[in-house]
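# Fold and geometry: a report
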Amino acid sequence: MASADTTHQQGMAADSQQLEAYLGSLPGIGVAPLWESLADLVPVEPRTPDVPFVWRYAEVRPALLRAGELVSAEEAERRVLMLLNPTPSVAERGGTTSTLYAGIQLVLPGEVARAHHHVASAFRCVIEASDGAFTTVDGERAMMSPGDLVLTSNWRWHDHGNDSDDPIIWLDGLDVPLVNFFNANFFELYPDQRQKITKPDNFSTDLYIHGRLNPLSEPRADKHSPVINYPWRETERALRAAIDAGAESPVDGVIFEYTNPFTGGSVMPTLSCFVQAMRPGEHTQARRRTPSAVYHVVRGSGSTIIDGSEYRWEEKDTFCVPTWAAHEHINGSASDEAVLFSFTNQAVYTSLDLYREEVIERQG
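Because the structure is predicted, anything quoted here is derived from the model rather than measured. (Residues numbered from 1 in each chain as written. Predicted model: local features only at pLDDT ≥ 70, side-chain atom pairs only at ≥ 80, totals over all residues. Heavy atoms only, no water.)

The next point concerns the nonpolar core. Phe123, Phe341 and Phe343 are the most contacted members of the largest nonpolar core, which totals 37 residues. If you tally residues by element for this core, the top one is helix 8 (residues 232-245), at 4 residues. Excluding its chain neighbours within four sequence positions, the residues that come into contact with Phe341 are Phe123, Cys125, Leu149, Leu171, Tyr258, Cys273, Phe274, Val275, Val294, Tyr295, His296 and Val298. Judged by nonpolar contacts, the second largest core, of 12 residues, contains Val54, Ala293, Val297 and Ala325. (Core = buried A, V, L, I, M, F, W, Y, C linked by side-chain atoms within 4.5 Å. Buried < 20%, exposed > 50% of the residue type's maximum accessible area, 1.4 Å probe, protein only. Helix = DSSP H or I, 4+ residues; strand = E, 2+ residues; numbered from the N terminus. Contact = heavy atoms within 4.5 Å.)

What follows is the structure, given as structure tokens:
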């Protein structure tokens, strides 16, 4: 006669076999048990496959110039080296992070990167340029200088040209991973290599760069900024005034957001762009945020501590900070300021009520 314990164990084995058979039958009808995936679907805090990484300009630039020797502008459509996150699942989607794309683009003297447009929004943070470097957007030619932020917003015709004797190199930033996640991307070539110029050079910059004075003659319904080029000379002036006035944040130093002059919001609905300066030797407070970020070093050198590990950077390097990663910046110079440009999807997170941040104890 079987004992009670034996009977109980036999019952449990039978139940286990029935449960296993039940679970094995579910894929055939296109369903799955939530209770086995709940921890992954509703985590305690954000999870991301992204990892921090620093792309060294001293390494990227020679590789980019070599591409200029081997691949023509016509062959490449855009001669760009993508800055891919080391995580394969992110890199496979062309991601610098899961939602952000960055690349370094080259246009050689005399070249034209032919006109096209796409749903993905884009900008150029100019690294190297001489007189004669330009981007044309919807008939307006924007002349480019180092440090300028040049927008090519959603579905705007744009081409790039180099009438100088030196290479043009810039950081591309796009929302491609986000747009492709929504399966919403479209792309189209312009009928000709270049657009026709229909406006004076730097037309939008000249109209809108005067602080809070906006021209009422211009339409204001667009969610994208009407400004094509935010020139570095004006950005640097604003940074200098804020530094001299002592206007700074403990987590960012002196920081400005590039904005749409009519809305006061981000320059694009999907991309938010920032520039910040840190005083000599400054070590910012640590924080973490739901949007990931890509940083480009405009000037100076230093390091960023990300989730306890220190990542050193030099002028013109680019690095990424994953979603909800604790990070703090350190200006490594005792005599010179450090300037960082950065971009995120903060506008998207805010509009969907998903933005969250917290200031935490320094890690180092």
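Before going further, it helps to examine empty space enclosed by the protein. Counted according to the given criterion, the structure contains 2 cavities of 30 Å³ or more. In this structure, the largest cavity spans a volume of roughly 40 Å³. Lining the largest cavity are Ala73, Glu77, Arg78, Arg79, Gln105, Leu106, Val107, Glu111, Val112 and Ala113. Elements with a contribution of two residues or more to the lining of the largest cavity: strand 3 (101-107) and strand 4 (112-118). Among the elements that take part in the lining of the largest cavity, strand 3 stands out by supplying 3 residues, more than any other. Counted by class, the lining of the largest cavity contains 5 nonpolar, 1 polar and 4 charged residues. Quantified by volume, the second largest cavity comes out at close to 30 Å³. (1 Å grid on protein atoms, 1.4 Å probe; cavity = no way out; pocket = protein on both sides within 12 Å on 5 of 7 lines; lining within 4 Å. Points joined across faces, edges and corners; volume = space filled by probe spheres on them. Nonpolar A, V, L, I, M, F, W, Y, C, P; charged D, E, K, R; others polar.)

Inspection of the secondary structure puts Asn345 in the loop between strand 21 (338-344) and helix 9 (346-351). Accessibility expressed as a relative area gives 1% for Asn345, which makes it buried. Not counting residues up to four positions away in its chain, the partners in contact with Asn345 are Thr99, Leu100, Leu178, Thr270, Leu271, Pro291 and Ser292.

This brings us to a nonpolar patch on the surface. A surface patch of nonpolar side chains, about 400 Å² in accessible area, is lined by Leu34, Leu38, Leu41 and Val42. As for its placement among the helices and strands, Leu41 is situated in helix 2 (residues 38-41). You can call Leu41 exposed: its relative accessible area is 59%. (Patch = residues over 30% accessible without salt bridge, like charges linked within 9 Å, V, L, I, M, F, W, Y side chains within 5 Å. Areas by Shrake-Rupley, 256 points an atom, 1.4 Å probe, with all protein chains shown as cover. Salt bridge = Lys/Arg side-chain N within 4 Å of Asp/Glu carboxyl O.)

As summarised here, the arrangement of the 5 strands in space is 7-6-9-4-11, forming an open sheet in which the pairing is antiparallel. Across the chains shown, the open sheet's two edge strands, defined by having one partner strand only, are strand 7 (140-143) and strand 11 (187-189). Taking each pair of neighbouring strands and ignoring which way they run, the sheet shows an average axis angle of 25 degrees. As defined by bridge partners, strand 4 adjoins strand 11 across 3 bridges and the pair is classed as antiparallel. Bridging across to strand 11, His118 finds its partner in Phe187. (Pairing = 2+ DSSP bridges. Axes fitted to C-alpha atoms, helices over the stretch in contact; angles between N-to-C directions.)

Looking now at the sheet that holds strand 14 (residues 272-278). Reading across the sheet, the 6 strands line up as 1-19-16-21-14-13 and stay open at both edges, with antiparallel pairing between neighbours. Strands with a single pairing partner mark the edges of an open sheet, and in this sheet they are strand 1 (53-55) and strand 13 (254-258). Within this sheet the neighbouring strands show an average axis-to-axis angle of 25 degrees, counted without direction. For strand 16 (residues 293-299) and strand 21, the ladder comprises 6 bridges, and the chain directions are antiparallel.

In a structure, side chains of opposite charge can pair up when their charged atoms sit close to one another. Applying the stated criterion across every chain yields a total of 20 salt bridges. Between Arg124 and Asp172 there is a salt bridge; the shortest N-O distance is 2.5 Å. Pair noted here: Arg124 is in strand 5 (residues 122-128) and Asp172 is in strand 10 (residues 168-174), with a separation of 48 residues, a long-range link. We note that Arg124, like Asp172, is buried. Between Lys316 and Glu315 there is a salt bridge, with its nearest N and O atoms 3.3 Å apart. Through salt bridges with shared partners, a single network forms among Arg233, Glu234 and Arg237.

Another aspect to go through is unusual backbone geometry. Of note, the phi angle at Lys316 is positive, near 80 degrees, even though the residue is not glycine. Among the structural elements, Lys316 can be located in the loop between strand 18 (309-313) and strand 19 (318-321). Its identity is not glycine, yet Trp324 carries a phi of approximately 60 degrees, on the positive side. Looking at where Trp324 falls in the secondary structure, it is placed in the loop between strand 19 and strand 20 (327-331). For Trp324, a relative accessible area of 8% translates into the label buried.

Another point: the state of the cysteines. Linking two cysteines covalently through their sulfur atoms gives a disulfide. One pass over the structure, following the stated rule, counts 0 disulfides. Free cysteine Cys320: the closest other cysteine sulfur is in Cys125, separated by 16 Å. (Disulfide = S-S within 2.5 Å.)

Here we take up the layout of surface pockets. Of the pockets and cavities examined, the largest pocket occupies roughly 630 Å³. Surrounding the largest pocket, 20 residues form its lining, Ser98, Thr99, Leu178, Phe181 and Tyr349 being those nearest its centre. Ranked by residues supplied to the lining of the largest pocket, first place goes to helix 6 (residues 176-181) with 4 residues. When its residues are assigned to classes, the lining of the largest pocket shows 9 nonpolar, 8 polar and 3 charged. Mapped onto the lining of the second largest pocket, the elements with two or more residues apiece are helix 8 and strand 13. Ranked by residue count, the leading element in the lining of the second largest pocket is helix 8, at 5 residues.

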